[in-house]
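Structural overview for review
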Number of protein chains: 4
Amino acid sequence: MPLLTADAKGVYAISVTPFHPDGRIDFDSLDRVTDFYLEKGATGLTILGIMGEAQKLTQHEARDVARRVIARASVPVVVGVSAPGLAAITELSASVMDMGAAGVMVAPPGNLRTDAQIRSYYAQAVAAAGEGVPVVLQDYPLITGVQMDTAVIGQIVTDHPQVVMLKHEDWPGLAKITAIRKSESAGQRRISILCGNGGLFLPEEMGRGANGAMTGFAFPEMLAQVVALCGQGQAERAQDIFDAHLPLVRYEQQPVAGLAVRKYVLARRGAIASEAQRAPGANLPAEARAEVDRMMARLDRRLAELA
Amino acid sequence: MPLLTADAKGVYAISVTPFHPDGRIDFDSLDRVTDFYLEKGATGLTILGIMGEAQKLTQHEARDVARRVIARASVPVVVGVSAPGLAAITELSASVMDMGAAGVMVAPPGNLRTDAQIRSYYAQAVAAAGEGVPVVLQDYPLITGVQMDTAVIGQIVTDHPQVVMLKHEDWPGLAKITAIRKSESAGQRRISILCGNGGLFLPEEMGRGANGAMTGFAFPEMLAQVVALCGQGQAERAQDIFDAHLPLVRYEQQPVAGLAVRKYVLARRGAIASEAQRAPGANLPAEARAEVDRMMARLDRRLAELA
Amino acid sequence: MPLLTADAKGVYAISVTPFHPDGRIDFDSLDRVTDFYLEKGATGLTILGIMGEAQKLTQHEARDVARRVIARASVPVVVGVSAPGLAAITELSASVMDMGAAGVMVAPPGNLRTDAQIRSYYAQAVAAAGEGVPVVLQDYPLITGVQMDTAVIGQIVTDHPQVVMLKHEDWPGLAKITAIRKSESAGQRRISILCGNGGLFLPEEMGRGANGAMTGFAFPEMLAQVVALCGQGQAERAQDIFDAHLPLVRYEQQPVAGLAVRKYVLARRGAIASEAQRAPGANLPAEARAEVDRMMARLDRRLAELA
Amino acid sequence: MPLLTADAKGVYAISVTPFHPDGRIDFDSLDRVTDFYLEKGATGLTILGIMGEAQKLTQHEARDVARRVIARASVPVVVGVSAPGLAAITELSASVMDMGAAGVMVAPPGNLRTDAQIRSYYAQAVAAAGEGVPVVLQDYPLITGVQMDTAVIGQIVTDHPQVVMLKHEDWPGLAKITAIRKSESAGQRRISILCGNGGLFLPEEMGRGANGAMTGFAFPEMLAQVVALCGQGQAERAQDIFDAHLPLVRYEQQPVAGLAVRKYVLARRGAIASEAQRAPGANLPAEARAEVDRMMARLDRRLAELA
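Residues numbered from 1 in each chain as written. Chains lettered and ligands numbered in written order. Predicted model: local features only at pLDDT ≥ 70, side-chain atom pairs only at ≥ 80, totals over all residues. Heavy atoms only, no water.

Structural notes on the overall build of chain A
Condition: Secondary structure elements are defined from DSSP: runs of H or I of at least 4 residues count as helices, runs of E of at least 2 residues count as strands, and each element is numbered from the N terminus. Using C-alpha atoms as the atom set, the radius of gyration is obtained and then compared with a globule rule of 2.2 Å times the number of residues to the power 0.38. Throughout, exposure labels follow a simple rule: accessible area from a 1.4 Å probe, protein chains only, divided by the maximum for the residue type, with under 20% read as buried, over 50% as exposed, and the rest as partly exposed. Contacts were defined at the residue level, with two residues in contact if any of their heavy atoms lie within 4.5 Å.
A tally of helices and strands in chain A yields twelve helices and eight strands. A compact globule built from 307 residues would reach a C-alpha radius of gyration of about 19 Å, and chain A, at 18 Å, matches this within 12%. Structurally, chain A occupies a C-alpha span of about 50 × 45 × 35 Å along its principal axes. Burial analysis of chain A (307 residues in total) assigns 64% to the buried set. In chain A, the proportion of contacts linking residues at least 24 apart, taken out of those at least 6 apart, comes to 73%.

Following this line, the structure appears as structure tokens:
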């Protein structure tokens, strides 16, 4: 599989990790959901991220998941390798690159505060990922608690040619995309910017210069259509499709609870056999299930109107 | 003006504080926006909250704002009195109740962690608010950093008959509404639950048993219609109206940046003369302005379709 | 009273605010403790800081305390003016400078994270303090949660000639003193560095180039002696005096609980009439009282040995 | 090796992990420092904790370290198994108990806030540790950010007979020891309380009812003597020994920087070959080295005076 480059665009689906109700990994469903993302228009996959319940897996399991997905997917696979220590990053990165991963993604540890600390950490983490391994910088302050200034992102990009992509998940973050693109116009090396946050601001993000989405919304075809239509200059049509899905996007974007929503929808759509999360992590309560069912029915009607 | 009770419902608009471009309070616009909220269906007002830039006012100014709004509004006015110290709460609470406020709202200081600390703080804060003064419990962990368990909220309600309302702004928080209503079915004293978060989950919140909204979305008529229609059992119609506004709700709900959006829209709608925020606080950048303009145009079209 | 300059040195005692057991401010004790600090060797005073229970005072009370201390003290008085909003800083700063304060102290609000945010905040806060008003930069990450890089401190010093002093309270912070002094050797404007943290690292801080202490340890004579002896090159004698007090320094340095210790000791030493804190804030429990009594007895014996 | 019980007492030394200057684990030094702790009076050892740089090791390395120490030590060895996910806890716990560990230690993940969340987490973590495996509850809010109320600790102890020990590292925490012992007098199951924080409050902790220390101060013989003398009712003598070491205790207790101090002292004392930390983690700067050298010389003189 070719390595990730700064030209990457489209939709990198953040994959869930399917489990059996008893907590074992469901590898058949892992194949099925991998195929599902590709059928719905994903141009890449991202695994072992926060929404992939990576922290609930043993190291052995994490590698099994990576191996299975990389072997099956016909698109570039980015693997999350964030870990409390550099040695663990080195170990996992070497292992998944060897399996054929396209690159690795690194989020900053939660204790970083000052610009110098962040810059210094990425110098170490990029080295730990291994020479020549493409690195995705994950900027997700709501979860990590780390705020990266646009200037710091620019320094990291300049310091490390291996950093080829920003997973943009700052909130609010539209101004950040604009600022980075301005810096690039002024000479800073251009990187790919793929946006997260469940796609909640995707039309605006595309308008600001993003190259696509990297997120796990359970209707990846919406993400793919919006990115494609924006690329074709059909912003109004893109927005119509987006708005139709927005009630669900918003609902799935709830912290913690959101993963239960996502897995419930994926199971209803046949992409995975069970909505089970590994403990800790609860299934969707009955009230929420009814709310999602109602939104899915409304989505069908609205899409029919728009067809 | 009668005091706030546990029967309160409808829409309590969180009022902005209008400023002149030079930073002075714009009292004419304060009158105008007060009238605007009422014309659009607000059944109450909430002032001196976070989105009212209360922390940027001197004590003297804060009282001037409270006096002006309470004198002009024909609906109950809740006043935010959160402060680092109890003496300041006592002073401001006595002052605004004297002016005719319907009650006061208290958010927890950010250093509270354990259930016992939270319960103990509210014992002191309720006493500081003054005997018989209705208190609104503000549960807003995204901003305060304080997580209040449903059981703790129940204890505070049971301990203090003065606590008549929950400003519900947990995120995700739907399960919390359900849990509180269940506790009430089992005998806990019933309180009013008004929901914040810009209205982002209002239809679901009403379905879970909320009594309305307390938030500052710049189209308060949407909030009023959704609450009213839900009350009349017209959930689908409510959802249609809601969905039409959702792109804007979402956009205005961005932390920090959201207030600039809100004031820009209110200024465009003629409710205030200037979108100016007192420093620190910047006006909306040009790109964002264009995004909001586009969404407002689309909203008009969508509402016409739904009419 | 002359204004604070970058030449300030010695011991600026962080004054407690004495209360009667019923919660009223005890102004007689305020006079007495002011005299006490001066008799014990303080070369300046700092009031309305965190350990002065400033947040528990109303604005009116805060000014009464400031007026009383400034009028009585024959040394420069620094007044803490940190507040959530700039308008409040302006108001309090103007008021206390008018009374004869030597300067004001500003801690960063807890939401600041990036270097740019911190630098931008101090630009606003210094302006808010008023033209020409000497400003003390308070660097206290354990309480504020804000981490200021040495480079950022340097930028603030360079940007704002009004900033004449660093209240150094980072922990660990010895390397920061060394780094700032190095930057000054390389041309950065020299400021006064007075150290906090209850004096817990005072001998090492003096060795690294600090100009003294700004803290509230209940034996200010120890701080004064250590600073003086270090200035005379008598480091070993300074360390002997310091070590004798260290068990108490350490005990008083416990967060939250420390203020009860400090007030208990000050009351035992006759500097204030009552150890009462204004609510919330509890007196020392019996076990802790016994521990402090024992340490004070041991201190007497050890000082006798050293005499 | 027998399993850990609630009768455990004395000094459990938190072991460093020695590295060669090039970053490889130094197993010879690991043997040497294991022997050193025992010679200096440790009655147990704790490995793979925060100060053991556990997060910098790969899983494979972590097990090698555990195997080596457990095989060599003639005392009970507690192994830190805190991990972001339960599966990793299960895996490591089973592995080290199989090697002959006496029990495992679990700190709470940093996102826990409410009492119910903490209680629920420990129900899962204790199950994950494995049936019958003794569990040490690590209460270290300064690092974890999680505040455990005494009542919550009591509930966890009552819920899970496997929890036999509290690693007490709250700060301030003396009142917590007193409160737990009172609850035990009222019928709560008695546990062992060993105290951390580098021993900074050891004499007082023993006076409040602690059973000893679990910490890594580089002079473990001081910890052993203080615990022993307190047990023999020789509190004054214990305090003399403690006070002599206090300047170093305090200096080593600096966050982050403290580990460099500890390793420097251990290397100077011959317990490990190199003070190297694995990256990230810097050696002690020259100024700090001189400060430590001076304190060690003063300690020698003071101990001679006391002999």
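Structural notes on the interface of chain C and chain A
Here is the rule: When two parts are brought into contact, each loses some accessible area as probed by a 1.4 Å sphere; the total of that loss over both is the buried area. By definition here, a salt bridge exists when the distance from a side-chain nitrogen of Lys or Arg to a carboxyl oxygen of Asp or Glu is within 4 Å. Whenever a nitrogen or oxygen atom comes within 3.5 Å of another N or O atom, the pair is scored as a polar contact, on the condition that within protein one atom can donate a hydrogen and the other can accept it, and that pairs from neighbouring residues in sequence are kept only if both atoms are in side chains.
Contact residues are listed per partner, giving eight residues for chain C and eight residues for chain A. Together chain C and chain A conceal approximately 790 Å² of surface at their shared face, both sides included; 45% is due to carbon and sulfur atoms. Ranking the residues of chain C by area buried against chain A places Arg113, Thr114 and Gln147 of chain C at the top, with a combined share of 62%. If you look at where chain C meets chain A, you find zero salt bridges. Seen at the junction of chain C and chain A, the total is three residue pairs in polar contact (both at pLDDT 80 or more).

Focus on the nonpolar core
Note the threshold: As used here, the term nonpolar core means buried Ala, Val, Leu, Ile, Met, Phe, Trp, Tyr and Cys residues forming a set that is joined through side-chain atoms within 4.5 Å.
Counting residues in each nonpolar core, the largest one holds 197 residues, and the members touching the most others are Tyr37, Val79 and Val292 of chain A together with Tyr37, Leu48, Val79 and Val292 of chain B. Among all residues touching valine 292 of chain A, those that are not within four sequence positions of it are Leu248, Tyr251, Val261, Tyr264, Val265 and Leu284 of chain A. By size, the runner-up hydrophobic cluster in this structure holds 195 residues, among which are Tyr264 and Leu299 of chain C together with Ala129 and Val146 of chain D.

Focus on the UniProt feature "binding site: pyruvate" (unreviewed entry) in chain A
Residues and elements named next belong to chain A. Basically, it comes down to this: UniProt positions are given in the numbering used here, feature names are shortened, and annotations may be inferred rather than shown by experiment.
When the UniProt feature table is mapped onto this chain numbering, "binding site: pyruvate" (unreviewed entry) sits at Met214. With respect to the helices, strands and loops of the structure, methionine 214 is situated in strand S8 (residues 212-215). For methionine 214, the contacting residues outside a window of four places in its chain are Tyr12, Ile14, Thr46, Met105, Met165, Lys167, Leu194, Cys195 and Gly196.

Considering the confidence of the model for chain A
Test applied: Confidence of the predictor in every single residue is expressed as pLDDT, which spans 0 to 100.
On average, residues of chain A carry a pLDDT of 96, and 100% of them reach 70 or more. Two numbers describe this predicted complex: its pTM, 0.96, and its ipTM, 0.97.

Notes on the pattern of salt bridges
Inspection of the entire model under this criterion finds 112 salt bridges over all chains. In this structure, the salt-bridge partner of arginine 302 of chain A is glutamate 305 of chain A, at a minimum N-O distance of 2.6 Å. Note that arginine 302 of chain A and glutamate 305 of chain A are positioned in helix H12 (residues 286-306) at a spacing of three residues, about one turn of the helix. Between arginine 68 of chain D and aspartate 28 of chain D there is a salt bridge; the shortest N-O distance is 3.8 Å. Taken together, the positions of arginine 68 of chain D in helix H2 (residues 59-72) and aspartate 28 of chain D in helix H1 (residues 27-39) put the pair 40 residues apart, joining distant regions of the chain. Take arginine 68 of chain D: its relative accessible area is 31%, and that puts it in the partly exposed class.

What to know about the relation of the copies chain C and chain A
Defined as follows: What sets the superposition is a least-squares fit of C-alpha atoms, and only residues with pLDDT of at least 70 in both copies go into it.
Superposition of chain C onto chain A requires a rotation of 180° combined with a translation of 0.0 Å along the rotation axis, giving an RMSD of 0.0 Å. Those values place the two copies in the arrangement expected of a two-fold rotation axis. A high fraction, 100%, of the interface residues of chain C reappear at the interface in chain A, so the copies pair face to face through one surface.

Notes on the environment of alanine 127 of chain B
Within the fold, alanine 127 of chain B resides in helix H4 (residues 115-129). Taking the relative accessible area as the measure of exposure, alanine 127 of chain B reaches 58% and is therefore exposed.

Section: the state of the cysteines
Note the cut-off: Note on terminology: pairs of cysteine sulfur atoms within 2.5 Å are recorded as disulfides.
Across all of its chains, the model carries zero disulfides over all chains by this definition. The thiol of cysteine 195 of chain A is not disulfide-bonded; the next cysteine sulfur, from cysteine 230 of chain A, is found 11 Å away.

Concerning the relation of the copies chain A and chain B
Aligned on chain B, chain A shows an RMSD of 0.0 Å; the corresponding rotation is 180° and the shift along the axis is 0.0 Å. A share of 100% of interface residues in chain A that are also interface residues in chain B marks the association as one of identical surfaces.

Overview of the sheet that holds strand S2 (residues 44-47) of chain D
Residue and element names in this part refer to chain D. Heads up, the rule is: Each pair of strands is called paired provided DSSP finds at least two bridges between the two strands. Throughout, an axis means a line fitted to C-alpha atoms (over the contacting stretch in the case of helices), and angles, computed between N-to-C directions, take values from 0 to 180 degrees.
Judged by pairing direction, the barrel is parallel, and its eight strands sit side by side in the order S1-S2-S3-S4-S5-S6-S7-S8 before closing back on the first. Between one strand axis and the next, the sheet turns by 25° as a mean value, whatever way the strands run. Across three bridges, the pairing between strand S4 (residues 103-106) and strand S5 (residues 135-139) is parallel. In the strand pairing of S5, valine 106 is matched with leucine 137. Against the sheet, helix H7 (residues 174-185) touches S5, strand S6 (163-168) and strand S7 (192-195), its axis set at about 175° to S7.

A closer look at the interface of chain A and chain B
Operational definition: Polar here means any residue other than Ala, Val, Leu, Ile, Met, Phe, Trp, Tyr, Cys and Pro, which are nonpolar, and Asp, Glu, Lys and Arg, which are charged; Gly is therefore polar.
Counting from both sides, the interface comprises 33 residues of chain A and, opposite them, 33 residues of chain B. For the chain A and chain B pair, buried surface summed over both sides reaches about 3,000 Å², with 52% attributable to carbon and sulfur atoms. Contact with chain B buries surface across chain A, with Trp171, Arg250 and Arg298 of chain A losing the most and accounting together for 22% of the total. Elements represented by at least two residues in the side of chain A that touches chain B include exactly helix H7 (174-185), helix H8 (202-208), helix H10 (235-252) and H12 of chain A. Of the residues belonging to the side of chain A that touches chain B, the class tally is 15 nonpolar, four polar and 14 charged.

Looking at the sheet that holds strand S1 (residues 10-14) of chain A
Residue and element names in this part refer to chain A. Around the barrel, eight strands lie side by side as S1-S2-S3-S4-S5-S6-S7-S8; this closed barrel has parallel pairing. Across this sheet, the average inter-strand angle for adjacent strands is 25°, counted without regard to direction. Where strand S7 (residues 192-195) and S8 come together, two bridges link them in parallel fashion. In the strand pairing of S8, leucine 194 is matched with glycine 212. Of the strands in this sheet, strand S5 (135-139), strand S6 (163-168) and S7 are in contact with H7, which crosses S7 at around 175°.

Looking at the environment of methionine 295 of chain C
Take methionine 295 of chain C: it is sitting in helix H12 (residues 286-306). The spatial distance from the C-alpha of methionine 295 of chain C to the C-alpha of leucine 246 of chain C is 9.9 Å, given a sequence separation of 49 residues. Filtering out sequence-adjacent residues up to four positions away, methionine 295 of chain C remains in contact with Pro247, Leu248, Arg250 and Tyr251 of chain C together with Glu204 of chain D.

Some details on a nonpolar patch on the surface
Defined as follows: Excluding any residue in a salt bridge, patches collect residues exceeding 30% relative accessible area, merging like charges within 9 Å and nonpolar Val, Leu, Ile, Met, Phe, Trp and Tyr side chains within 5 Å. In short, Shrake-Rupley with a 1.4 Å probe defines the accessible areas, and a residue's cover is counted only from the protein chains shown.
Where nonpolar side chains cluster on the molecular surface, the patch consists of Ile50, Leu142 and Ile143 of chain A together with Ile50, Leu142 and Ile143 of chain B and spans about 490 Å² of accessible area. Looking at the element boundaries, leucine 142 of chain A is found in helix H5 (residues 141-144).

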